[in-house]
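Survey of secondary and tertiary structure
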Amino acid sequence: MRLISALTGIAFVTSIAMASSAFAQSDCTKTVPPSPFGKDDQTGATNRITPAVTKAAAAEIKEGKVISLTNPLVDGVPLFGSRFTKTVLTAVNLAPGAALGKNDLTYMEDTWLSQSHVGTHLDGMGHIGRGDCYYNQTPMGKNINQNNMTKLGLENLKSFQTRGVFIDLVKVYQQANKLKTNPNCRTPCIDKGTVITPEDLQAGLKLTNTTLREGDVVILHTGWVDLFLQHPAKNTEYNSGEAGLGKAAAKWLIDQKIVAVGADNWAVEVIPAESPDEAFMVHQMLLTDNGIHIIENVRTDLMAAEVASTNRGTFFFSMTVPKAVGMTGTFVAIDAIH
C-alpha cells in the first residue's frame, strides 16, 4: 500500500512538472496582446497615473469629506470557492507577572490566515491568464516558484492616487423601469445574471454629468453590497451570482483607457456568464489583455448615499496597495475624498 501511495505521489508530481514544462514553452505572442507600455512592462494600467493625472484629480477635493469604499475585513465574510480566513490573537504577556520592565509593558499581536483575494481586494497582473500566458505575453510557467511569481508581482504597480468615478447602476435601472431586485436585499439591488451594458454605464455617467477620462478608476454600485453586509447569513446568496459587466461594457471601458474598475460584488463581471462555455472572460479582457485592474467586494452603499445627496459622481480615489513581492493580489484600503 505504501508503494502504491508513493508511486501515485510521484506520478502526480511528474504530471505537474510536465504540465509546467509544456506551459513554459508557450508562444504567448499568439494568445495575448503586447502591453501598450512596452515589451518589458509589468505595471499595467497604473502607468496612466502620471503626476499630472494625480494633480488634476486633487481638484476633485472640495469639502475634504472622506467616504470609505472598504468592507470590514473579518472572519465570516463571504468568500469565493475554497478561500478561507482565520484570525488568531496572541496576548503575549498579559498573564500575572509576565509584564516587561518596571513600567509593566504588555503587548498583543495578530495572525491573519487567508488567501490574498478576500474582502475588498485588488486583482493584480498575475491573477488571471489565458493558459500559461499572462499580461504582456508573459509565459507564467517559467516565472513562478514554490512561493511566488518572479514577474508581474504587486511590487511593480504605481500609485493609485487618481480620479474616481462612481456609477449608480441601481438608479439607472430604477429610472429605466427595469430594476429586478433580489428578495434577500434589504435595499434595492440588481439581481444576479443581469448583464451591465455600455448603454447602462453611459446612462449612469449622464446622471451626474460626468465624462470618463484617461487614468480614471470606475466604481460600480449594483446594490449587491447589502448581501455582503449581512454576512454570514446571506453568504450563500451573495456568492450565487451577481449583476456585472458584460463583454461589450468591458470593451467600452477598455477603450476609455481607465486604470481599474471595481464593484460591490465578488467578480465585477456578470455571473452566470453571458456564454456558459466561458470562464471569467471579462477578467481576461481587463487584466490579461489590457492590464486594467479589478477591485472586488467594494463597499459602495456609503458613496451611493453621498452621490445621491450631492449629485457629484467624481472624487479623489486613494487606495493603498502594499509592495508585496510576487503576489497576485491583496486586500486593500480605499477612500473616496469629496
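You'll find the structure just up there.
As a starting point, this report considers the structure included with it.

In this section: the packing of helix H4 (residues 198-207) against helix H7 (residues 247-255). Between H4 and H7, the least distance of the axes is 7 Å, while the angle of their chain directions is 55 degrees. Judged by the angle between their axes, H4 and H7 are oblique. Taking contact as the criterion, the partners of Pro198, Leu201, Gln202 and Leu205 in H4 are, on H7, Ala248, Ala249, Trp252 and Leu253. Here the residues of the contact of H4 with H7 sort into seven nonpolar, one polar and no charged.

Turning our eyes to something else, we now look at the nonpolar core. One broad trend across soluble globular proteins is that nonpolar side chains are buried collectively. Judged by nonpolar contacts, the single largest core of 63 residues is most densely connected at Phe160, Leu201 and Leu245. The element contributing the most residues to this core is H7, with five residues. Counting residues in each nonpolar core, the second largest holds 12 residues, with Val118, Trp224, Phe228 and Ala267 among its members.

This paragraph deals with the packing of aromatic side chains. Evaluated as defined, the whole model comprises six aromatic pairs. Measuring from centroid to centroid gives 6.2 Å for Trp112 and Phe331, while their planes differ by 85 degrees, and the two rings are edge-to-face. Remark: Phe331 occurs in strand E14 (residues 329-331) and Trp112 occurs in strand E3 (residues 108-114); sequence separation between them is 219 residues. Taking 6.4 Å as the distance between ring centres and 70 degrees as the angle between the ring planes, the aromatic pair formed by Trp266 and Phe280 counts as edge-to-face.

Most of helix H8 (residues 281-290) is tucked away, with eight of its 10 residues classed as buried. Those residues of H8 lying buried are Val282, His283, Gln284, Met285, Leu286, Leu287, Thr288 and Asp289. Buried residues along H8 sit against strand E4 (121-123), strand E5 (133-134), strand E10 (244-245), H7, strand E11 (260-263) and strand E12 (293-296). Where H8 terminates, the next one or two residues include Gly291, which has phi positive at roughly 65 degrees.

Tallied over the entire structure, the rule returns 14 salt bridges. Linking Arg312 and Glu60 is a salt bridge whose minimum nitrogen-to-oxygen distance equals 3.8 Å. In this pair, Arg312 is assigned in the loop between helix H9 (301-310) and strand E13 (314-320) and Glu60 in the loop between helix H2 (51-58) and strand E1 (66-68), connecting sequence segments 252 residues apart. Exposure class is identical for Arg312 and Glu60. Each is buried. Residues joined in a network through salt bridges with shared partners are Glu60, Glu63 and Arg312.

Below, the discussion takes up the state of the cysteines. Scanning the model with the defined rule gives two disulfides in all. Here Cys28 pairs with Cys133 through a disulfide, and the sulfurs are 2.1 Å apart. Linking Cys28 and Cys133, the disulfide has an S-S dihedral of approximately -85 degrees and is accordingly described as left-handed. Pair noted here: Cys28 is in the loop between helix H1 (2-24) and H2 and Cys133 is in strand E5, with a separation of 105 residues, a long-range link. According to the relative accessible area criterion, Cys28 is buried, its value standing at 3%. We classify Cys133 as buried; its relative accessible area is 3%. One disulfide in the model links Cys185 with Cys189; its S-S distance is 2.1 Å. Its S-S torsion of about 95 degrees marks the bond between Cys185 and Cys189 as right-handed, since a negative value means left-handed. On the basis of relative accessible area, Cys185 is assigned to the buried category, the value being 10%. Each disulfide of the protein joins two cysteines, and with those cysteines numbered along the sequence the arrangement is 1-2, 3-4.

Conventions and cut-offs
Residues numbered from 1 in each chain as written. Predicted model: local features only at pLDDT ≥ 70, side-chain atom pairs only at ≥ 80, totals over all residues. Heavy atoms only, no water. Axes fitted to C-alpha atoms, helices over the stretch in contact; angles between N-to-C directions. Helix = DSSP H or I, 4+ residues; strand = E, 2+ residues; numbered from the N terminus. Parallel < 35°, antiparallel > 145°, perpendicular 65-115°, else oblique. Contact = heavy atoms within 4.5 Å. Nonpolar A, V, L, I, M, F, W, Y, C, P; charged D, E, K, R; others polar. Core = buried A, V, L, I, M, F, W, Y, C linked by side-chain atoms within 4.5 Å. Buried < 20%, exposed > 50% of the residue type's maximum accessible area, 1.4 Å probe, protein only. Phe/Tyr/Trp six-rings, centres within 6.5 Å; stacked < 30°, edge-to-face > 60°. Salt bridge = Lys/Arg side-chain N within 4 Å of Asp/Glu carboxyl O. Disulfide = S-S within 2.5 Å.

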